[in-house]
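Structural description and commentary
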Amino acid sequence: MPPLEIILPALVNGVLTGGVYALIALGLTLIYGVLHIVNFAHGSLLMLAMYGAWMLVSYFGVDPYLAVPILAAAMFVLGWGLYAGVIGRISRGEDRAILLATLGIAIVLDNLALVVFTGDTRTIDTPYSFAMIEAGPLLLSVPRLISFAVALVCAALLWAFMTRTDTGRAIRAVAREQDGARLVGIRPERIFALSYGIGVACLGVAACLLLPTFYVSPQVGNAFVLVSFTIVVLGGMGSFPGAVVGGLIIGVTESLGGLFLGESLGPIGISLVFIAVLLLRPAGLFGTTR
Amino acid sequence: MTDALRPSLLRLSASRMTRRRALATGIAGGIATLAMPGILRAQPAAIKLGLIHPVTGALAFSGSQCRKGGQTAIDDINAAGGIKSMGGAKIEPMYGDAQGRAEIASGLVDQMAEAGVAGFTGCFASTLGLAATQTAAKYNLPFSIDSGITDSLTTRGLKNVFRLFPNASSATNDGLATLDAINKAAGSPAKTVVIVHEDSDFGTGAAKLLNAKLPGIGLTVLSTIPHATPTRDFTNIALRIKAEKPDIVMMSNYQNEYVLLARTLVQQRVDLVAMYSLLGGGFNLKFAKEAPTVAENMMDFNHWYNPRNPAALAFRKRLEDSGATFTWELLLGYFAVRFLADGWERAGSSDKDKTIAALAASTYSSHFMPYGPTKMVDGQNVNAHCVGLQIQGGDIKVVWPAEFADAKPVYPRPKA
Amino acid sequence: MKRTLPVLIVLAALAPLALPSQFLVDLAMLTAFSALIGQGWNISGGFAGLTSFGHAAFFGIGAYTAAILQTRWGINPWFGLPVAAMLGAAAGAGIGFSAFRAGLRGSYFALVTLAFSEVFRIAANSAGITRGGLGILIPLRPGLANFQFTDRRASYLVALALLSLAMAVAFWLRRSRFGARLAALRENEDAAAALGIHLVRTKTQALALSGAITATGGVLYAQTFLYVDPSIAFGIERSVEMLLVVMIGGAGTVWGPVLGAIALHLIEDTSRSLIDTPGFAPMLYGVVLLAIVAFLPGGIAGIGRRHA
């Protein structure tokens with residue numbers, strides 16, 4: 001049993017990473033809640049966003065945190081376009097067709113990245129990449145703290161958008177009851193595209209927050225797919241608080257798993273959590289059974 | 001959903017380039033013949049050499065360096081007139097990207113064998129080399145290993161595999177003897193060790209050997225920590241190390257992870273007598289330049305040139321002037337090819353059986369590695385040795401053994 | 001015409017053995033291999049409509065079984081075939097039973113299969129028996145008795161034999177009561193249950209059968225390429241390959257996987273002769289998948305056939 005002095009930092013580390021994971025999960029849960037699509041392309045879109053962030057930082061010298069609004073906007077447009085042009089057209093509403101359509105997009109994006117960027121892992125180096133802050137007995141990584149803070153701010157902004165604005169209310173209306181929404185003049189098709197766009201925009205933000213402490217390669221999409229689905233299933237598909245709580249729990253699980261089981265075996269914890277939730281309580285913590 | 005669904009019909013990259021090169025050398029040879037009227041000389045056929053390295057993926061940097069070393073050797077040999085005992089036959093390279101996957105390396109061997117290569121060099125990583133050499137054994141084509149370290153590359157009874165450079169056992173034994181000597185010379189300040197290694201052949205093999213031998217030089221292993229390649233977060237590992245408070249951290253891993261681990265240890269303010277790596281993947285001038293405060297005083301036991309040989313210094317200067325970062329992968333890639341070419345030179349032919357016999361009997365000595373002529377036993381050069389290195393003042397110095405050293409070791413490390 | 005078609009198919013299948021081109025034999029062997037594992041996926045994914053994203057779990061079990069039996073205990077790899085099939089079936093039954101009893105279907109089922117294959121992959125990466133990340137290199141010992149061949153033609157013949165077995169199972173599904181039950185629960189689960197079909201049991205049986213066949217594909221891979229590691233065995237690329245082959249060729253049809261495998265390899269070969277960067281061909285697969293989903297849900301086999 002590792003001593004407390006290293007469990008505590010691992011725990012805190014997990015919470016910090018979990019904040020960013022929560023943002024990823026928010027996008028996924030929004031897409032599911034409104035479109036009832038399990039967006040299998042989520043991991044690949046995050047990977048693409050990370051490459052976008054990497055390019056902004058490496059070629060244009062933009063600080064990764066300042067790149068957040070740029071990338072969020074770009075990913076929003078991409079998401080909207082993907083839905084309007086591909087998913088919406090192809091799926092015709094059938095469950096398996098939608099699943100395969102998002103899988104197809106994931107395959108295309110993953111390999112497009114491989115073609116364009118090759119398989120090399122890319123990292124960025126910022127002047128504060130290795131800066132640490134002392135907080136009592138803990139040495140906390142500055143980029144992780146900033147990422148956590150930004151993630152929470154964005155989640156709060158998203159929450160405000162969904163509850164306080166008309167568009168947000170329209171989205172929730174469509175999620176709850178499509179035909180009823182149509183009766184009051186909301187066009188579901190536009191809302192679908194909008195929601196997909198917002199969900200993907202979250203990935204744009206998350207990408208900028210992850211890049212300082214992570215790396216990007218064409219394979220990272222796969223790693224994140226399972227993480228994001230585990231969070232959403234754990235928290236409950238379509239539930240906002242679920243995504244946040246789930247994100248934090250999974251961040252901690254991952255960190256402690258790595259600490260106790262070692263870096264090779266650690267990730268198994270997430271897959272096991274996923275299976276356990278699906279088999280035992282598919283509705284998750286905050287979700288409603290369908 | 002990435003590539004490499006299966007090892008399959010990969011076309012060789014740069015085949016267009018090699019065709020152009022072959023054309024160029026052919027024309028040059030033709031003109032030379034014309035310039036010597038009365039001497040009828042048939043242009044000897046080029047000898048095809050396959051170079052298989054991971055030039056994309058997690059090992060891209062090192063793989064590319066090995067390939068570049070090989071390229072330089074081929075250029076040098078061809079510029080000096082090719083293989084003289086074969087009438088000046090030039091070497092024609094065929095490049096293959098193993099992408100870091102063993103089955104792709106294997107597939108490339110099959111393809112190149114069919115395309116008529118007379119020999120191979122490669123593959124930087126042990127895992128790739130194991131698969132590729134075995135496939136080459138199907139055709140009994142000679143394979144000159146550049147940087148794979150694992151013993152089993154030459155202990156499987158495959159007659160076609162040759163390694164000019166040290167294997168894991170010799171590197172570990174010598175590396176530990178070096179550490180022992182340096183430690184004792186400083187009054188034995190170090191007593192405990194934590195081993196960090198990457199979890200494939202290279203790292204796992206090294207860790208196993210270390211665990212067996214460290215007690216023999218008076219050092220206790222507190223724990224052995226594996227990790228995957230790639231790993232981007234060493235915080236947990238650094239925390240564990242911090243809690244165990246070892247005197248020395250020994251690492252065996254590749255470029256990115258090596259650098260990241262070193263940086264994280266410094267970041268987490270872990271105090272150590274030394275950071276000592278056996279064949280440290282990231283211990284190179286790139287690291288020394290990009291992170292001078294972290295790199296300073298790190299020690300490594302690795303391949304390097306003999307700094308007392310002026311030819312070595314000239315070679316390094318030449319490559320640095322051409323814009324390359326000088327790393328040991330360049331050296332190994334270079335001499336792996338030169339060794340194989342020397343085999344062709346001795347055999348007077350590129351026939352595979354004759355070449356294999358010539359390589360087995362080789363006493364190749366026109367190199368500037370820190371050892372004498374080769375002596376091949378079952379394909380392994382038993383005279384090969386690594387040397388003790390340390391980054392001092394932003395440069396890599398040989399600190400052990402004394403006959404090749406160009407600086408004294410700084411040990412223990414000054415406190416953070 | 002009906003008589004000559006089977007003869008033509010057999011001739012076409014055997015042609016690569018007679019022709020001198022090594023390239024054609026390679027292509028044929030890889031195609032037969034893809035068709036074999038595709039047919040494995042087809043049993044559960046096509047005939048029973050259970051879309052799985054984690055079929056590599058069964059493939060990997062087969063590959064590792066062959067590798068471990070040989071390298072650790074010196075057991076002849078031919079024995080590996082039935083053992084692998086049994087283990088594959090057991091895994092199918094285990095995963096199937098737990099998933100179906102929990103009522104997982106559609107996307108949720110696809111995800112849980114993905115999670116299972118990931119668990120296997122990570123476990124294989126750390127376990128001693130699989131030599132972790134090092135993978136298992138099967139020593140080169142060519143010979144029929146060792147299930148290793150230097151001549152690709154022989155490998156192709158074995159692949160054809162296994163594929164024929166898998167096709168036979170598919171044919172049987174077409175005609176048998178069991179197959180009819182699978183079709184019923186694929187079309188409408190509730191109606192099938194109303195007809196008295198035991199959903200959990202039938203679906204589990206389908207997944208077990210599928211697992212068995214897919215595992216034999218794993219054994220074939222191990223013996224042909226002589227190297228297995230966690231990502232080769234359990235990687236998501238393998239699962240996707242099987243799915244692609246079936247969806248492109250036509251899910252739930254007997255010839256779908258064969259047509260899909262041929263199409264996939266043709267795409268790959270032509271695209272590589274144009275642009276030879278890694279990733280280009282698989283990217284095209286994704287595009288083709290999207291096109292199939294949009295315009296041709298029945299796959300190639302569905303062309304000209306009325307949507308039943």
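Structure: above.
Report follows, based on the coordinates. None of these values were measured; they are calculated from a predicted model.

1. As for the overall build of chain C
Of the regular secondary structure elements, chain C holds 13 helices and 2 strands. With respect to the principal axes defined by its C-alpha atoms, chain C has extents near 55 × 50 × 40 Å. Within chain C, buried positions represent 59% of all 308 residues. Taking the contacts inside chain C whose residues are at least 6 apart along the sequence as the reference set, 78% of them involve residues at least 24 apart. Looking at chain C as shown, the accessible area adds up to about 11,900 Å², and 67% of this sits on carbon and sulfur atoms. When the 21 basic and 12 acidic side-chain charges of chain C are each reduced to a single mean position, those positions are 12 Å apart.

2. Points about the sheet that holds strand S10 (residues 299-302) of chain B
Residues and elements named next belong to chain B. Strand order in the open sheet formed by 7 strands is S7-S6-S8-S9-S10-S13-S14, and the pairing between neighbours is mixed. A single partner strand is all that each edge strand has here, and the edge strands are strand S7 (220-227) and strand S14 (395-400). Strand-to-strand twist across the sheet, computed as the mean angle between neighbouring axes with direction ignored, equals 25 degrees. Bridge count between S10 and strand S13 (residues 387-392): 4 bridges; the pairing is antiparallel. Of the residues in S13, the one forming a bridge with Met299 is Gln390. Packed onto the sheet, helix H5 (residues 168-185) meets strand S8 (248-252), strand S9 (274-278), S10, S13 and S14 and runs at close to 160 degrees relative to S9. Together, strand S6 (192-198), S7 and S8 form the strand contacts of helix H7 (residues 235-244), whose direction differs from that of S7 by roughly 175 degrees.

3. Describing the packing of aromatic side chains
Taken as a whole and assessed by the stated rule, the structure comprises 37 aromatic pairs over all chains. Residues Phe315(B) and Phe368(B) carry aromatic rings whose centres are separated by 5.2 Å and whose planes lie at 50 degrees to one another, so their mutual orientation is tilted. Here Phe368(B) lies in the loop between helix H13 (352-360) and strand S11 (376-377) and Phe315(B) lies in helix H11 (residues 310-321), a separation of 53 residues in the sequence. With a relative accessible area of 5%, Phe315(B) lands in the buried category. A relative accessible area of 9% places Phe368(B) in the buried class. Between Phe33(C) and Phe59(C), the aromatic rings sit 6.0 Å apart at their centres with planes inclined by 65 degrees, giving edge-to-face as the arrangement. Here Phe33(C), found in helix H2 (residues 22-47), pairs with Phe59(C), found in helix H3 (residues 56-73); they are 26 residues apart in sequence, far enough to count as distant. An aromatic cluster is built from Trp304(B), Tyr305(B), Phe315(B), Phe326(B), Tyr334(B), Phe335(B) and Phe368(B), whose rings are joined through pairwise contacts.

4. Focus on the pairing of strand S2 (residues 91-97) of chain B
All names here are of chain B. With 7 of its 7 residues buried, S2 lies for the most part within the structure. Of the two faces of S2, both are covered, the one formed by Ile91, Pro93, Tyr95 and Asp97 as well as the one formed by Glu92, Met94 and Gly96. Sheet topology places strand S1 (residues 47-53) next to S2; 7 bridges connect them, and they run parallel. Each bridged residue has a counterpart across the sheet, and for Ile47 the counterpart in S2 is Ile91. In terms of handedness, the path from S1 via helix H2 (residues 60-79) over to S2 forms a crossover that is right-handed.

5. As for the interface of chain C and chain B
With 38 residues of chain C at the interface, the matching set in chain B holds 29 residues. Roughly 2,900 Å² is buried in total at the junction of chain C and chain B, and carbon and sulfur atoms are behind 58% of that figure. Counting every contact that joins chain C to chain B gives 0 salt bridges. Joining chain C to chain B, the criterion identifies 2 residue pairs in polar contact (both at pLDDT 80 or more).

Rules and cut-offs
- Residues numbered from 1 in each chain as written.
- Chains lettered and ligands numbered in written order.
- Predicted model: local features only at pLDDT ≥ 70, side-chain atom pairs only at ≥ 80, totals over all residues.
- Heavy atoms only, no water.
- Helix = DSSP H or I, 4+ residues; strand = E, 2+ residues; numbered from the N terminus.
- Buried < 20%, exposed > 50% of the residue type's maximum accessible area, 1.4 Å probe, protein only.
- Contact = heavy atoms within 4.5 Å.
- Areas by Shrake-Rupley, 256 points an atom, 1.4 Å probe, with all protein chains shown as cover.
- Lys, Arg positive; Asp, Glu negative; His and termini not counted.
- Charge placed at Lys NZ, Arg CZ, Asp CG, Glu CD.
- Pairing = 2+ DSSP bridges.
- Axes fitted to C-alpha atoms, helices over the stretch in contact; angles between N-to-C directions.
- Phe/Tyr/Trp six-rings, centres within 6.5 Å; stacked < 30°, edge-to-face > 60°.
- Right-handed = clockwise from strand over helix to strand, strands pointing away.
- Buried area = accessible area lost by both parts, 1.4 Å probe.
- Salt bridge = Lys/Arg side-chain N within 4 Å of Asp/Glu carboxyl O.
- Polar contact = N/O pair within 3.5 Å; in protein donor to acceptor, adjacent residues only side chain to side chain.

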